[in-house]
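One-letter residues, chain by chain:
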Amino acid sequence: MDAHEVVEKTLARLGDGEGVWISTFTAAELHARAAEIDPDLPLAGVPFAVKDNIDVAGLPTTAACPDFAYRPERNAPVVQRLIDAGAIAVGKTNLDQFATGLTGARSPYGSPESVFGGGLIAGGSSSGSAVAVANGSVAFALGTDTAGSGRVPAALNGIVGIKPTRGLLSTLGVVPACRSLDCVSIFAPDLAMADRVLRVATGTEPDDPWSRSGRRPLIGSPRVGVPETLDFLVMPGRKRPSLGSPATSPSTSDRCWKPVTCSIAVRGWPSDWPTSTSS
């Protein structure tokens, strides 16, 4: 599939779901972008969406507040890195106004529904970005995450949501919610795509005081633990409840957190989307 075919498939899917998009590039603009892509680039012809509190040149940044809207002169650095890698920015997605909410229902541009339907909320604040990926409109999307705004909508739409370590992706060109905590997040249908996007988008910016470089080594192997007893539920005069066994008064060792192995199921992305294309 070449980049122009990808554009046509993207345009055909933009109407899927209400309240997902705030603004998009025209068909002519997207085809013009497709025509200039080097097919050897790592994200050549891969379409993506951008939460509308992140600057994209050529489209207004509203933060879901029409009176706040402005037209940026340049792309946010994280957006520019993706474009330089061959990705096609399709448009700007809906959000809880000023990225302050976890439901996706606080926007004058409408409230997107979870892809699971049934009147379920999409989650926020990066509601539009999550739904655009989950319904197959785009291959990945950028959101932001200060206190769950990337991970919550990813979970409620069955996709991958990555909140990188603060400073790994530059927040220049992002309308701040809390500058010291804001992160640009990544939505993708699977971990493989999320990893590809993260590798491209990572980079330091000299004008960004929160930007950082380098990977920090893990201290040992990662483990996940669950408590065998719920100590926080113990009330005076009551026995301690136990998980998976009768209520007892276990020893100190029984109350330790023990490592377990777990797996996470995620939605796959449409099989007809490319991992890269030619122009």
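Scroll up for the structure.
Fair warning: this is a prediction, and the values are worked out from it, not measured in the lab.

Assigned secondary structure in the protein chain consists of 6 helices and 8 strands. Helices and strands in the protein chain line up, N terminus first, as α-β-α-β-α-β-α-β-α-β-β-α-β-β. Within the protein chain, the proportion of its 279 residues that are buried is 47%. Look at the contacts in the protein chain between residues 6 or more apart in sequence, and 71% of them connect residues 24 or more apart. Here the protein chain displays about 13600 Å² of accessible surface, and carbon together with sulfur accounts for 55% of that area.

Turning our eyes to something else, we now look at the nonpolar core. One finds Phe-48, Ile-54, Val-78, Val-79, Leu-82 and Phe-140 to be the most contacted residues of the largest nonpolar core, which totals 39 residues. Each residue touching Val-78, except ones within four places of it in the same chain, is listed here: Ile-54, Leu-142, Leu-169, Ser-170, Val-184 and Ala-201. Membership of the second largest hydrophobic core comes to 16 residues, among which are Leu-14, Ala-122, Ala-130 and Ala-141.

Examined against the element boundaries, Gly-161 turns out to sit in strand β5 (residues 160-162). A residue is classified by how much of its surface remains accessible, and Gly-161, at 23% relative accessible area, is partly exposed. A C-alpha to C-alpha distance of 4.8 Å links Gly-161 and Phe-187, two positions 26 residues apart in sequence. Among all residues touching Gly-161, those that are not within four sequence positions of it are Arg-151, Ala-154 and Ile-186.

Moving on, we get to helix α1 (residues 3-13). Of the positions making up α1, those classed as buried are Ala-3, Val-6, Val-7, Thr-10 and Arg-13. Angularly, the buried residues of α1 cover 130° about the axis, an arc narrow enough to put them on a single face. Buried residues in α1 make contact with α2 (27-35), β2 (47-51) and β3 (88-93). The opening residue of α1, the one whose side-chain oxygen lies 3.0 Å from the backbone nitrogen of His-4, is Asp-2.

Turning next to the pairing of β3. For β3, the buried fraction is high: 6 of the 6 residues fall into the buried class. Looking at chain direction, β2 and β3 are connected through 5 bridges and run parallel. Opposite Phe-48, over in β3, you have Ala-89 as the bridge partner. Between the parallel pair β2 and β3, the chain is carried across by helix α3 (residues 77-84), and the sense of this crossover is right-handed.

The next thing to look at is the packing of aromatic side chains. Counting across every chain of the model gives 3 aromatic pairs. Where Phe-48 meets Phe-140, the ring centres are 5.0 Å apart and the plane angle is 0°; that geometry is what we call stacked. On the criterion of sequence distance, the pair formed by Phe-48 in strand β2 and Phe-140 in strand β4 (residues 140-145) is long-range, its members being 92 residues apart. Accessibility assignment for this pair places Phe-48 and Phe-140 in one class, buried. An angle of 75° between the planes, with centres 5.2 Å apart, marks the rings of Phe-68 and Phe-98 as edge-to-face. Taken together, the positions of Phe-68 in the loop between β2 and α3 and Phe-98 in the loop between β3 and α4 (127-134) put the pair 30 residues apart, joining distant regions of the chain. Classification of Phe-98 by relative accessible area gives partly exposed; the value is 32%.

This paragraph deals with α4. The element α4 is largely enclosed, with a buried count of 8 among its 8 residues. Of all the residues in α4, the buried ones are Ser-127, Gly-128, Ser-129, Ala-130, Val-131, Ala-132, Val-133 and Ala-134. Residues of α4 that are buried in the fold lie against β1 (21-24), β2, β3, β4, α5 (151-156) and β6 (183-188). Of the residues trailing α4, Gly-136 is marked for its positive phi of about 85°.

The amide bond that connects Gly-124 to the next residue, Ser-125, takes the cis arrangement and shows omega of 10°. Within the secondary structure, Ser-125 is located in the loop between β3 and α4. Of note in the backbone geometry, Ala-63 takes a positive phi value of approximately 55° without being a glycine. With respect to the helices, strands and loops of the structure, Ala-63 is situated in the loop between β2 and α3. For Ala-64, which is not glycine, the phi dihedral falls at a positive 65°. Mapped onto the elements of the fold, Ala-64 is located in the loop between β2 and α3.

The rules we used
Numbers given to residues run from 1 along each chain, matching the order in which its sequence is written. With the structure being a predicted model, the display of local features is reserved for residues of pLDDT at least 70 and the display and counting of side-chain atom pairs for 80 or more, all residues being used for whole-chain, interface and lining totals. Side-chain measures were taken over the full set of non-hydrogen atoms in the model, leaving aside hydrogen atoms and water. What counts as a helix is a DSSP run of H or I of at least four residues, what counts as a strand is a run of E of at least two, and both are numbered from the N terminus. With a 1.4 Å probe rolled over the protein chains alone, any residue whose accessible area is under 20% of its type maximum counts as buried; one over 50% counts as exposed, and the rest are partly exposed. Residue contacts are defined here by distance: any two heavy atoms, one from each residue, within 4.5 Å place the two residues in contact. Using a 1.4 Å probe, the Shrake-Rupley method yields the accessible areas, and only the shown protein chains count as cover for residues. Nonpolar cores are built from buried Ala, Val, Leu, Ile, Met, Phe, Trp, Tyr and Cys residues. Side-chain atoms within 4.5 Å join them into one set. Picture the helix axis, draw a direction to every C-beta atom, and the arc is the one those directions span. Whenever a nitrogen or oxygen atom comes within 3.5 Å of another N or O atom, the pair is scored as a polar contact, on the condition that within protein one atom can donate a hydrogen and the other can accept it, and that pairs from neighbouring residues in sequence are kept only if both atoms are in side chains. At least two bridges found by DSSP between two strands is the condition for calling them paired. Handedness is read with the strands pointing away from the viewer; a crossover is right-handed when the path from the first strand over the helix to the second is clockwise. Pairing of aromatic side chains here covers Phe, Tyr and the six-membered ring of Trp, requires ring centres within 6.5 Å, and sorts the geometry by plane angle: under 30 degrees stacked, over 60 edge-to-face, intermediate tilted.

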